[in-house]
Structure formats: C-alpha cells, structure tokens
Amino acid sequence: MNMDPQGTVQLPPAYSAYAREVDELYGSIFWLSVALFVGIVGAMLVLLWRYRRRPGRKSKPTGHATVLEIAWTVAPLFPLAWLFHAGFAHYVDGAVAPEGAYEVRVRAMQWSWEFEHPGGALGPLNELTVPVGEPVKLIMSSSDVIHSFFVPGLRVKRDVVPGMYTTLWFEADQVTGGACESDDACPEGQFCGRQGRCALPIYCAEYCGAPQDIQDSAGRNTNHSTMLAELYVVEEMPSFEPIMPERCEAAEDPMACWGEHLYQSNGCVGCHSVDGSSGPGPSWQGLWGSERAFEGGERAVADENYVRQSILQPQAQVVEGYTSVNMPPYRLSDRQIEAIVAYLRTLSE
Ligand code: CUA
C-alpha cells in the first residue's frame, strides 16, 4: 500500500497537512539541535585537545574578545526568533478553525467519548466519523473530570475540561476504514476497530481514573487507559439516525422492545422503577396516561409531549416531591422517544 502515509522512527504517519507541517517544524528543530550539539561538543573536544596540559608550557591568558562575545550573544537571537515565529504561527493555525467547518460536539465522560453531529444526531459511542478533506471543528466538554482529546495521527491534542468548552480543529486528508480482522491488516497508525474496519485511534491523554483494571465483558471502557475511540475519515458521511437493535426487529412489539432496551442502556433504570417501587425518580409503572402533579401546582396528563419534554428538558416540569435529584437532559431521536412511549404504554396496560 503505497498511498498510505508512512511514519518515521520518531513520529507516527501524518494524516493531515497540518500534521505534516508540524512534523517539518519538528524536524527543523531536531536537526538544528543536532547541528548545535555536534558543533558545540565538537569545538569543545578540539579545544580540549589543542590546549591540553603539556610539560614545559605555561598558559597565557588572552583577555577579552569583545567582538566575538557580542557575536555569540546576538547570533542565537535569529534562530530563536525564527523558532518563536514558526511555533506561534502554527499555534494560531491550530487554534482558529476556518469558517464553515463541520462541527461536532464532543462530550467526554468517565470513560467514553460521545460525538454529536450537526442537527443533534448522535453517532455511536466512541466512534467519530468525519468527512475527508473538510475542516472539522470539535466543541468539547466534559461531564465529570478532566480528559484530553488526542489523535496522534493528526498531531492534535486538547484538554476537555468540566465547566467550560474547549475547541480543536483538523482536516484529515486520508481516508480510513478499510476492512480488517486484526491490527496488522491496517495501514500504519491505524488499528482494527470494533466494526472490523481500520480506524485512527483517539486517546484520552489525561489520567482520569481507574476503579477497575480491565474492560468489562461487553467491551465497554472501564478506566482511563481504555478510554479509546475510533476515528473514521470517509468520502461519504453516513446518516446517524439511531437504529433499533436487531433482536427487537423480531419481537412482538418491536418499538416497545427498543424502548425497554433504551431504558436499560441509557441508565433510566437507575432512577425509575417499572414495578411501582419508589426511587429517585417517579416509577414508570402506570405513568402513561396518568395525571401528573408538578412542583408549583400545575397538572398535565402524561402523553407524548409530556414524555418528550421529560426526556429532553427534564427540569421544565418536575413531578411533585422529586426535587432532590436533578435528572440531566437525554438527547434521544424522535424515533427513540417513540420507542420509549411504546414501552411506557406496555407498563400501563
Ligand atoms: Cu479520560 Cu483519561
């Protein structure tokens, strides 16, 4: 595979023009340092030999050489000024995304990456798909501790901090995603992702905790070192409308099955029972079609709109007596909300 970018002894393959510029600058600094090292250490060795102690020779101090001293003080200013200029110019390039970039919201949490595409469509967890040859801007936030978004192949890394947004942009110019069975089958710098396609690794580069040492049986991330996501660079962007799990397609009531799946997988189960028992949130049993009494005295019947609002903006109307826990908003698609409604209906029959 001649087309794939090649890495060097020091650097992984570069998947963007920016990465190649960074490498060039890195190379210049590296070789400048090598030249200075060889020059300085070489001169030292030569002088050491030339002015070594010899019997019958006495040293004669030479005094000042003002011109020479000024020269070696001023001369380094030029390469240093160039280094500063080049570094700063690249920093500015990397900090300011071009107008009209493809915008993705990135949410980091212990221990996964969530990617939301334009229009609010959620991509699969730990999977970022971006168009090739187009600037992509990431607007990143964290739901818990400090994480750091790092793609070595693109030479971009930025901390993701709770309580503020950080941004980062890149323009990948190489397509990824070739079919694979193992990492060996992938081009250099890529690994074999969960879908059996080659991806660029997205690492978390900030230690963010580790209560367990291993991935759980479902292959989910359980600590900082496994907080790994897959980056796909594609010609044609897929649509991110979430789809029903396969096992539900054959179910008697596919939508209710999907709804129950969402209830489990989104963690609703943590606060809402389905058997009428009390918890941090109202039970879902008998909820559908019932009259809800809210904090502040208002009332409403639990219908589609009520369910929708309760998922997307849980704090808009809080059921009386449930103020101790603030439910965060969940971004579900319309179809997913319909599935939850279908599931709620089965709990009120
Ligand atoms: Cu997230 Cu380390």
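Presented here is a report on the structure given in the accompanying data block. In this text, all values refer to a predicted model and were calculated from it rather than measured experimentally.

Calculation criteria
Residues numbered from 1 in each chain as written. Predicted model: local features only at pLDDT ≥ 70, side-chain atom pairs only at ≥ 80, totals over all residues. Heavy atoms only, no water. Helix = DSSP H or I, 4+ residues; strand = E, 2+ residues; numbered from the N terminus. Rg over C-alpha atoms; globule rule 2.2 N^0.38 Å. Buried < 20%, exposed > 50% of the residue type's maximum accessible area, 1.4 Å probe, protein only. Contact = heavy atoms within 4.5 Å. Areas by Shrake-Rupley, 256 points an atom, 1.4 Å probe, with all protein chains shown as cover. Lys, Arg positive; Asp, Glu negative; His and termini not counted. Charge placed at Lys NZ, Arg CZ, Asp CG, Glu CD. Expected span 1.5 Å × (residues − 1). Patch = residues over 30% accessible without salt bridge, like charges linked within 9 Å, V, L, I, M, F, W, Y side chains within 5 Å. Salt bridge = Lys/Arg side-chain N within 4 Å of Asp/Glu carboxyl O. Disulfide = S-S within 2.5 Å. Core = buried A, V, L, I, M, F, W, Y, C linked by side-chain atoms within 4.5 Å. Pairing = 2+ DSSP bridges. Axes fitted to C-alpha atoms, helices over the stretch in contact; angles between N-to-C directions. Parallel < 35°, antiparallel > 145°, perpendicular 65-115°, else oblique. Left-handed = near helix turned anticlockwise from the far one by under 90°. Nonpolar A, V, L, I, M, F, W, Y, C, P; charged D, E, K, R; others polar.

**Focus: the overall build of the protein**
Alright, step 1. Assigned secondary structure in the protein consists of seven helices and 13 strands.
Alright, step 2. Whereas a compact globule of 349 residues would reach a radius of gyration of roughly 20 Å, the protein reaches 29 Å, over 25% beyond that.
Alright, step 3. Along the first, second and third principal axes, the C-alpha set of the protein runs to 110 × 50 × 40 Å.
Alright, step 4. Looking at the protein residue by residue over its 349 residues, the buried ones come to 36%.
Alright, step 5. Pairs at least 24 apart in sequence give 59% of the contacts found in the protein among residues at least 6 apart.
Alright, step 6. Of the accessible surface of the protein, which amounts to about 21200 Å², a share of 57% is contributed by carbon and sulfur atoms.
Alright, step 7. A distance of 20 Å separates the average location of the 24 positive side-chain charges in the protein from that of its 42 negative side-chain charges.

**Digging into helix H7 (residues 334–346)**
Alright, step 1. Between its first and last C-alpha, H7 extends 19 Å over 13 residues, near the 18 Å set by a 1.5 Å rise per residue.
Alright, step 2. Within the span of H7, buried status applies to Gln-336, Ile-337, Ala-339, Ile-340, Val-341, Ala-342, Tyr-343 and Leu-344.
Alright, step 3. The inward-facing, buried residues of H7 contact helix H5 (254–265) and helix H6 (304–312).

**Notes on the side chain of Gln-336**
Alright, step 1. Examined against the element boundaries, Gln-336 turns out to sit in helix H7.
Alright, step 2. With residues up to four places along the chain from it excluded, the contact list for Gln-336 reads Pro-242, Trp-258 and Leu-262.

**Some points on a nonpolar patch on the surface**
Alright, step 1. Judged by side-chain polarity, Ile-29, Leu-32, Leu-36, Ile-40, Met-44 and Trp-82 come together as a nonpolar surface patch covering roughly 550 Å² of accessible area.
Alright, step 2. Mapped onto the secondary structure, Leu-36 falls in helix H1 (residues 17–50).
Alright, step 3. A relative accessible area of 49% means that Leu-36 is categorised as partly exposed.

**Here's the deal with the state of the cysteines**
Alright, step 1. This model, assessed by the stated rule, comprises three disulfides.
Alright, step 2. With a sulfur-sulfur separation of 2.1 Å, Cys-186 is cross-linked through a disulfide to Cys-198. Taking the sign of the S-S torsion, -85 degrees for the link of Cys-186 and Cys-198, the bridge is left-handed. In this pair, Cys-186 sits in the loop between strand E8 (166–170) and strand E9 (191–192) while Cys-198 sits in strand E10 (residues 198–204), placing the two residues 12 residues apart along the sequence. We note that Cys-186, like Cys-198, is buried.
Alright, step 3. Look at the protein and number its bonded cysteines as they come in the sequence; the links are 1-3, 2-4, 5-6.

**Remarks on unusual backbone geometry**
Alright, step 1. Cis geometry is found at the peptide bond from Gln-110 to Trp-111, where omega equals 0 degrees.
Alright, step 2. Of note, Trp-111 is situated in the loop between strand E1 (102–109) and strand E2 (112–117).
Alright, step 3. Its identity is not glycine, yet Asn-126 carries a phi of approximately 60 degrees, on the positive side.
Alright, step 4. Relative to the helices and strands, Asn-126 resides in the loop between strand E3 (121–122) and strand E4 (127–131).
Alright, step 5. When its relative accessible area of 7% is taken as the criterion, Asn-126 is described as buried.

**A closer look at the nonpolar core**
Alright, step 1. Counting residues in hydrophobic clusters, the biggest one holds 30 residues, and the most contacted among them are Trp-113, Leu-138, Phe-149 and Leu-231.
Alright, step 2. Counting residues in each nonpolar core, the second largest holds 27 residues, with Tyr-263, Trp-284, Val-307 and Leu-344 among its members.

**Comments concerning the sheet that holds E3**
Alright, step 1. Across the sheet, which stays open at both edges, the five strands sit in the order E3-E2-E1-E5-E8 with mixed pairing between neighbours. Only two strands of the sheet have a single partner each, and these edge strands are E3 and E8.
Alright, step 2. By the bridge criterion, seven bridges tie E1 to strand E5 (residues 136–142) in an arrangement that is parallel. Bridged to Val-104 within E5 is Leu-138.

**Details of the packing of H1 against helix H3 (residues 77–95)**
Alright, step 1. Remark: H1 packs on H3, axes separated minimally by 11 Å, with the N-to-C direction vectors making an angle of 165 degrees. With respect to H3, the element H1 is oriented roughly antiparallel. Handedness of the crossing formed by H1 with H3: left-handed. On H3, the residues that touch Tyr-18, Glu-21, Leu-25, Ser-28, Ile-29 and Leu-32 of H1 are Pro-79, Trp-82, Leu-83, Ala-86, Gly-87, His-90, Asp-93 and Gly-94.
Alright, step 2. Looking at the contact of H1 with H3 residue by residue, the class counts come to eight nonpolar, four polar and two charged.

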